[in-house]
Amino acid sequence: MPGICLVLLDKNSALTNYLHKLNNLLAERAENLYSNVMESHATIVDCGRSIAIAINVHNRKFRRFNLHRVKQNKEIALFTGYVIRPVIRSYNELKNFVISFLEDDASENNLIYSSRGVFAGIHFNVEDNVIYAFVDHIASKALYYYIDEDVVILSTEFSLIPRMLMCLNRRPVLDTRGAYFLISFGYMISDVTIMEKTRKVTPGSIVKLNVMDKRIEEVKRYYRIDNTPRYCDINGIINELNKRFLHIVNREYNADKQIARCHLTTLSAGLDSKVVLLTSYLLGYKDQIALTFSQSNYIDHVETSRIADDLGVRHIFIPLDYGYYLLRVDENIEISGGLVPYFGAAHMLYALLHLDKYCLLRQAGIVHTGMLGDAILGTYLPKPHHVPALPSAISRYAISKKLLSKAIKFVNFSLYRNAEEFIFYERGINGILNGYRVIEWFTEFYSPFLDVDFLDYALRIDPTLRFEEKIYVEWIRKKMPIALKYKWEKLGWRPVYRGKLEKLLFQLTRIRRWMLRKFLISPLYSMNPFEYWYAKNPVLPRKFHEYYRSDIKLIDNKGLRDDVAWLFEEGSVYEKMQALTLLRIIRLFNLKTE
């Protein structure tokens, strides 16, 4: 799965006759999909008016962070993830943490707010017929729920929900909103998913579900990002950013040390992962594996090799040349749930499968990443000041604009204080972060930039200082000069230049990469040069068109079918893969599309 799942079937319905099929489904997935480092627990329990199946699948290293507690006719408690604070040493401490989490209020000094980690939980009070479903502050660990008149399913693995519905002889229905979100934005918006009646627990929320009435009674939001400008003193900001970052990285790697022989850190030529690796190394965590995947000889490959050599850490480079990993369409959709275009997770899955093949993942604990560091420190600001969340401000953050007007009409922009909040939660969490969730099929992952202790402070820095990552680069220049030795992928040069010269070098890099992409001169314009691979590797267009011709007829809704056909036939390679993702989801999950 890996993660947790709770299925409730009404006793007076015919669905209980399918229990054996559900068990067979779980056994088959455990054998064919889940890594052999996983252990699973599944219990069928009588819950009065319902029959429940409670499931927990997790990496053995994280056993103390996983709860599978079942009391006949009283309660079911499931918890999964990786808790950094408070320190969890035993099963009883975890049980008390989950209970306290649900009973606590939402002040900034309580257990809910002060907890740190990547987690999700489900608590079913059988006597009260109430389910509580909750996730961490930013939903690093996602949790989805399906509600119908005689069945409730909650799962951290999205693809398990349609698979279970098929076992129950129910055909899931495509959510048209989710379909248009996928083929335009490239990610879901708010709690919408690709299936009707299936929603996501939003970041920092606790959902209260009434089992008797099959309805949501309450959604309590205990955390929401606050990007109200508060800090504007540059020197003070740099000192505080550095202090917080050092503390968080040390806490993260020290906790990892308790379960791992070495640390696994992703590394690219971007600032984010580079800063994480260098910081952890300078703090004394020198037994590391640095993982890089990209087109061979691209700046990501060249610069990360230099960094690893200079530090003396083990470097594993996974070449993505010619994009053969993009042929694993169905496997990526099954694992990611199809909530983002499959290519967003495909390279990470490809790299992790290589590590798993050679048992390297067993040496490490969590995967340390620099995810969304640049986003928090500036790139999700459309302007050097906050602007309203309106289509004009957020359209540039969509993968495709061809059908964006049809997707935008489903978006409730009034839910967001400003454009940056929309972009952070939707592109950042529902988009980028969702691509990283393939890691959960092997282990857990964490980014110090997304730790609330860093996030809360960084987002309150005046936007004029964060815009175009100004404060980010100044922080690196003053507090981590070692990073200046290496080229920055975005800039194409070392980040040592300032003002007009820096902007000139950036423009020259953009022009050079544009020419390489436009005229297909070389693949060295991106870590994943899709256009070059599509033109030079005949297997890719042949396979893409095979999928397209076999699946386009599955869409019964003529308007949607025509839109998907237009996107695939006239669109870029990115847009073709967006269309393919939707088509393969419909086939794999047997979705109704009327």
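The structure presented is a predicted model; accordingly, all values stated were derived computationally and were not measured.

On to the overall build of the chain. A tally of regular secondary structure across the chain gives 22 helices and 17 strands. For a compact globule of 594 residues, the expected C-alpha radius of gyration is about 25 Å, and the chain comes in at 23 Å, within 12% of that figure. Across the 594 residues in the chain, those meeting the buried criterion constitute 62%. Long-range contacts, defined here as pairs at least 24 residues apart, represent 71% of the contacts in the chain between residues at least 6 apart.

With antiparallel pairing, six strands are arranged side by side in an open sheet as β2-β3-β1-β9-β8-β10. At either end of the open sheet lies a strand with only one pairing partner, and these are β2 (38-47) and β10 (198-200). Averaged over all adjacent pairs, the angle separating strand axes in this sheet is 10°, with direction ignored. Taken together, the four bridges between strand β8 (residues 144-147) and strand β9 (residues 151-155) define a ladder with antiparallel strand orientation. If you follow Tyr-146 over to β9, its bridge partner there is Ile-153. Across the sheet, helix α1 (residues 19-32) lies against β1 (3-10), β2 and β3 (50-59), angled at about 5° from β3, the strand it touches most.

What follows is about helix α20 (residues 539-551). Along its 13 residues, α20 runs 18 Å from first to last C-alpha, staying within 8% of the 18 Å computed at 1.5 Å per residue. By the burial criterion, the buried members of α20 are Leu-540, Pro-541, Phe-544, Tyr-547, Tyr-548 and Asp-551. Taken down its axis, α20 places every buried residue within 130° of arc, on the same side. Contacts from the buried residues of α20 go to α9 (329-336), α19 (530-536), α21 (558-570) and α22 (573-588).

In this section: the packing of α20 against α21. At their nearest, the axes of α20 and α21 sit 12 Å apart, and the two run at 165° to each other. The angle between α20 and α21 falls in the class roughly antiparallel. Of the two elements, α20 crosses α21, and the hand of that crossing is left-handed. Here Phe-544, His-545 and Tyr-548 of α20 lie close against α21, whose contacting residues are Ala-565, Phe-568 and Glu-569. When the residues that make up the contact of α20 with α21 are grouped by side-chain class, the tally is four nonpolar, one polar and one charged.

On to the layout of surface pockets, then. Considering only enclosed or pocket space, the second largest pocket measures out at about 390 Å³ in volume. Listing elements by their share of the lining of the second largest pocket, those giving two or more residues are α5 (176-182), β12 (215-221) and α14 (419-436). Counting residues per element, the lining of the second largest pocket draws most heavily on α14, which supplies four residues. Taken together, the residues that form the lining of the second largest pocket break down as ten nonpolar, five polar and six charged.

So, how was this worked out
- Residue positions are given per chain, counting from 1 as you read along its sequence in written order.
- Local features in a predicted model are, by the rule used here, given only for residues with pLDDT of at least 70; side-chain atom pairs are given and counted only at 80 or more, and totals for whole chains, interfaces and linings are based on all residues.
- Only hydrogens and water are set aside; all other atoms, that is, all heavy atoms of the structure, feed into the side-chain values.
- Strands here are runs of E lasting at least two residues and helices are runs of H or I lasting at least four, both read from the DSSP assignment and numbered beginning at the N terminus.
- With C-alpha atoms as the basis for the radius of gyration, the globule rule is written as 2.2 Å multiplied by the number of residues raised to the power 0.38.
- The cut-offs for exposure are 20% and 50% of the maximum accessible area for each residue type, with area from a 1.4 Å probe on protein chains only; residues under the lower value are buried, those over the upper are exposed, and the others partly exposed.
- We call two residues contacting when some pair of their heavy atoms lies within 4.5 Å.
- Whether two strands pair comes down to DSSP finding at least two bridges between them.
- Under this scheme, a helix contributes an axis fitted over its contacting stretch, all axes are lines through C-alpha atoms, and angles between N-to-C directions fall in the 0 to 180 degree range.
- Expected helix span is computed as 1.5 Å times (number of residues minus one).
- Working definition: the arc comes from the directions between the helix axis and the C-beta atoms, pointing outward to the latter.
- If an angle is under 35 degrees, it is roughly parallel; if it is over 145, roughly antiparallel; if it lies from 65 to 115, roughly perpendicular; otherwise it is oblique.
- Each crossing gets its hand from how the near helix is turned against the far one by less than a right angle, where anticlockwise is left-handed and clockwise is right-handed.
- Residue type decides the class: Asp, Glu, Lys and Arg count as charged, Ala, Val, Leu, Ile, Met, Phe, Trp, Tyr, Cys and Pro as nonpolar, and the leftover types, Gly among them, as polar.
- Buriedness of a pocket was judged along seven lines, with at least five required to meet protein on both sides within 12 Å; pockets are open sets of points on a 1 Å grid over the protein atoms alone, cavities are sets where a 1.4 Å probe fits but cannot get out, and lining residues have an atom within 4 Å of a point.
- Grid points are joined across faces, edges and corners, and a volume is the space filled by probe spheres set on the points.

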